[in-house]
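A look at the structure
Each chain is listed here by its residues.
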Amino acid sequence: MWRSLWPTIDRFSLHHFRYIVNQLREIRVVDKRNREVVLDLLQSIVEIVTYGDRHDPAIFECFMEFQVLAEFVRILKIGGNSGIEAALLQYLSIMIQNVENEHAIYYCFSNGYINSVISHHYEFDGGDLIPYYVSFLRTVSGKIGRDTICLLVKVHQDTAISLPLYDEALKFANHGEKMIQIAVRALTLNIYSVADEMVYQFLTTPTASAYFSSLILNLKNKCLHVDAIINGVKESFHEKKRELLSETDRILDDFYYLKDILCIPEQRLNKLVTENIVNMLILPMLLTLLNNRLSNDTGLSAITCLYVLCRLLQVFDGTNLVNVIGSAVLFSFMPPNVTDAAESVVSARLEQVNGLAVCYQEGEEMVDLQHEGAENFMMNYVLKHSLEFTELSSCFDSSPLENSENEWGGIFSCIFSRNHSLMLGSLMLLFTVADSKDLHYQLAAKIGFSQVKTASEMIGSTVAGHIQKIVNQLLKVLASEPPLSVPILLHAAWFLRKLLVFLDQKLEDNDCHLFKTSYEGSCGRLYEEFDRCWFDYIPDVLKSEWANCKTALEESSQSKDPFFLLELASIQNPPSGSMAFLLLSSFLLLFIFLLFYLCCLLLKSIVLPPASFLFNISGNTGPAFDWQRMVDCVKVFVLHLQLKPFIFGGDPFDNPLANLKNSYLAQSGKRYPSDLSLASFGSEVLESPVKLHFLELGQEIFM
């Protein structure tokens, strides 16, 4: 009853707001004793200002009249070691994010209050202050526009000398926390999108533009880390694969970030980023492939170079950078004598130009990109100078296609390499360049590809004379004895299918014989599985693998993940330390087995272990090993089955399981149960008891 006699206080009234502000202005020191009181005052001010922005304009007028933002800055300065910075930054972020009135936003960014908060000296050692600070910076960047970004720029004599929002954010560009990196990159994209003439002049200065150089350097370091993982000594293959996936995801994030920058319609920014990508990343990698070296001066392997270039072409498809990369790839199609001549021409002008990318930039400077027909003029300019550099018009006409494999350099030496990862990676680069729908048709013709209708209908004019050799090389991979690993055969079959579509003539008798030999070998290995324990699951595996292989073979080069190159490199190049460990383990197991066997001979009462004991330990036999072998045999057989129509003609088999039954089960004369559950215990299956090992239970059940 007595409470009703007291007037109620409206928390969002102008009168209460004045009272809260006066209470805040009376604070002279902030320590642990009054910290909570100060935080309550700041929270109340933010709540009332957010309410007033939408419902009561008089509140924000009072906010401006009392210079409340100046009070925030003053509290921040006198906070000392009270730990008030994180909460204050959070309240400011909430207020700025929720203010929608353009006049209010303009006022918040004026008078240098936001810059004072940004430039304040914070103690970031330990604690959780960095996430709050970066979140505040990102919130500010989300509210700036072309009319307000100038309020955050420090100017001297009509020249921008600093942008604290940008400068302070870049200090956390390489922070270990992923969310902080994402916030910083989102902030930079916001600034690039709304920057005006003055800001772009600042961004292109040597001091500010060093960020793009450091970004590419960090990207190269990640590529070097990929090489280190592949050649690691202690890691197993599964550990390597997990680390490679993590590191390649970081590289892919960098590529998409650079693509977002290039999508911003600003010529100076695009030119700056393109220069760094071409000069610091693309050209060094292409020189590695051009000179037929396994690694370049920085230690980057050819396999990693191929992976990065393929990924870069896939990500940057649809931008002008694709045409610049295509111009640079032009070098990798030349024989060694042409390469030497081209390098001598380029070296003579090395101080004035830096490859074909500079020609592209010169073309941009000569014409306004927004003018109609400017792109065609610029591409013609690039192609004109590319002919001056490489003299390709005469080189390819005079170079005989019958040269031996050893006489070819660049990309062809990689294609005909005995290193299967290098061969497949080079082919992947060729197909990725060809499948780029935005590659200029004149540039594609100079590289050796011309677009017809779709990417799948491309045919290479320069590579056309070598398709037979490349097909023969891939068929040798399929017909290798002993058979290569299933991943190598799968990717070789993918390239073979693509080339067979390009090839408009029949294969030579030698190539047909190679495929027939390989096909018969796959059939023979599959037939052997019908005499083993997992025979009854072959029809089901055939159905699933038929669909999987069909999807894999029909995949386009733009969607095909080149990560398989790194996997194959890890498999083909096992570290010496791992091999030594494997040999040592094998000798140790053999020694233990022989010692145990000798003890059993001395003590006749002990039952001798079976001879398969040692092999079960080493993992070379057993149900899991037998199952994987059976699945691999089915995969290889299905690959050959789906490639057969492209070589001998005809339509692919609609039902491979029916064909398999007609060709083998009907001829064998044996009867196989269709389900293992139908077999009774103790019955003979495949003329010998099938032993199913239940390792977890420690039991052996005979069927």
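Conventions we followed
- Residues numbered from 1 in each chain as written.
- Predicted model: local features only at pLDDT ≥ 70, side-chain atom pairs only at ≥ 80, totals over all residues.
- Heavy atoms only, no water.
- Helix = DSSP H or I, 4+ residues; strand = E, 2+ residues; numbered from the N terminus.
- Contact = heavy atoms within 4.5 Å.
- Axes fitted to C-alpha atoms, helices over the stretch in contact; angles between N-to-C directions.
- Parallel < 35°, antiparallel > 145°, perpendicular 65-115°, else oblique.
- Left-handed = near helix turned anticlockwise from the far one by under 90°.
- Nonpolar A, V, L, I, M, F, W, Y, C, P; charged D, E, K, R; others polar.
- Disulfide = S-S within 2.5 Å.
- Buried < 20%, exposed > 50% of the residue type's maximum accessible area, 1.4 Å probe, protein only.
- pLDDT = per-residue confidence, 0-100.
- Expected span 1.5 Å × (residues − 1).
- Arc of directions from axis to C-beta.
- Salt bridge = Lys/Arg side-chain N within 4 Å of Asp/Glu carboxyl O.
- Phe/Tyr/Trp six-rings, centres within 6.5 Å; stacked < 30°, edge-to-face > 60°.
- Lys NZ or Arg CZ within 6 Å of the ring centre and 35° of its normal.
- Pairing = 2+ DSSP bridges.

1. Quick word on the overall build of the protein chain
- The secondary structure content of the protein chain amounts to 32 helices and six strands.
- Considering only residue pairs separated by 6 or more positions, the protein chain has 74% of its internal contacts joining residues 24 or more positions apart.

2. Digging into the packing of helix 2 (residues 35-55) against helix 4 (residues 68-78)
- At a minimum axis separation of 12 Å, helix 2 and helix 4 run at an interaxial angle of 155°. Here helix 2 lies roughly antiparallel to helix 4, going by the angle between them. Here helix 2 and helix 4 pass one another in a crossing that is left-handed. The residues of helix 4 that touch helix 2, namely those facing V38, L42, I45 and V46, are V68, F72 and I75.
- Taken together, the residues that form the contact of helix 2 with helix 4 break down as seven nonpolar, no polar and no charged.

3. Examining unusual backbone geometry
- For the bond running from E481 to P482, omega is -5°, close enough to zero to count as cis.
- When you line up the elements, P482 lands in the loop between helix 24 (467-478) and helix 25 (486-502).
- Phi is positive for N111, close to 65°, though the residue is something other than glycine.
- Among the secondary structure elements, N111 is positioned in the loop between helix 6 (102-109) and helix 7 (113-119).
- The residue Q157 is not glycine, and still its phi comes out positive at about 55°.
- Relative to the elements of secondary structure, Q157 occurs in the loop between strand 1 (154-156) and strand 2 (159-162).

4. Focus on the state of the cysteines
- Taken as a whole and assessed by the stated rule, the structure comprises zero disulfides.
- Cysteine C305 is unpaired, with the sulfur of C223 as its nearest cysteine sulfur at 7.9 Å.
- Residue C305 is classed as buried on the basis of its relative accessible area, which comes to 0%.

5. Quick notes on the confidence of the model for the protein chain
- With 66% of its residues at a pLDDT of at least 70, the protein chain reaches an overall mean of 75.
- In this model residues 661-703 is a low-confidence stretch, pLDDT under 50, and it forms 55 contacts with partners more than four residues away in sequence or in other chains.

6. Section: helix 13 (residues 237-262)
- End to end, helix 13 covers 37 Å across 26 residues, agreeing with the expected 38 Å (1.5 Å per residue, within 8%).
- Considered for burial, the residues of helix 13 that qualify are K240, L244, E247, T248, I251, L252, D254, F255, Y257, L258, I261 and L262.

7. A word on helix 1 (residues 14-25)
- When the terminal C-alpha atoms of helix 1 are compared, their 17 Å separation across 12 residues agrees well with the 16 Å that a helix rising 1.5 Å per residue should span.
- Those residues of helix 1 not exposed but buried are H16, F17, I20, V21 and L24. The arc that holds the buried residues of helix 1, viewed along the axis, is 135°, so those residues lie on one side.

8. Structural notes on the pattern of salt bridges
- Tallied over the full model, the rule gives 19 salt bridges.
- For R35, the salt bridge goes to E36, with nearest N and O atoms at 3.1 Å.
- Exposure remark for R35: the relative accessible area of 21% places this residue in the partly exposed category.
- Here the salt bridges share partners, and the residues they tie into one network are E529, R532, D626 and R629.

9. A word on the environment of T304
- Within the secondary structure, T304 sits in helix 15 (residues 302-315).
- Assessed through its relative accessible area of 1%, T304 is described here as buried.
- C-alpha of T304 to C-alpha of M285: the two residues are 19 residues apart in sequence and 8.9 Å apart in space.
- If near-sequence neighbours (up to four positions away) are discounted, T304 is found in contact with C223, V226, D227, I230 and L566.

10. A few points about the packing of aromatic side chains
- Throughout the structure, instances matching the rule amount to 23 aromatic pairs.
- Taken together, the ring pairs in this structure connect Y122, F124, Y133 and F172 into an aromatic cluster.
- Stacked on the ring of W494, the Lys or Arg K560 has its end atom at 4.8 Å from the ring centre.
- Here the guanidinium or amino end of K560 rests over the ring plane of F564, the centre of that ring lying 5.0 Å away.

11. Side note on the pairing of strand 2
- Note that strand 1 and strand 2 share three bridges and pair antiparallel. Bridging from a neighbouring strand, H156 pairs with T159 of strand 2.
- From the end of strand 1 to the start of strand 2, which pair antiparallel, there are two residues, and Q157 there has a positive phi angle of about 55°.

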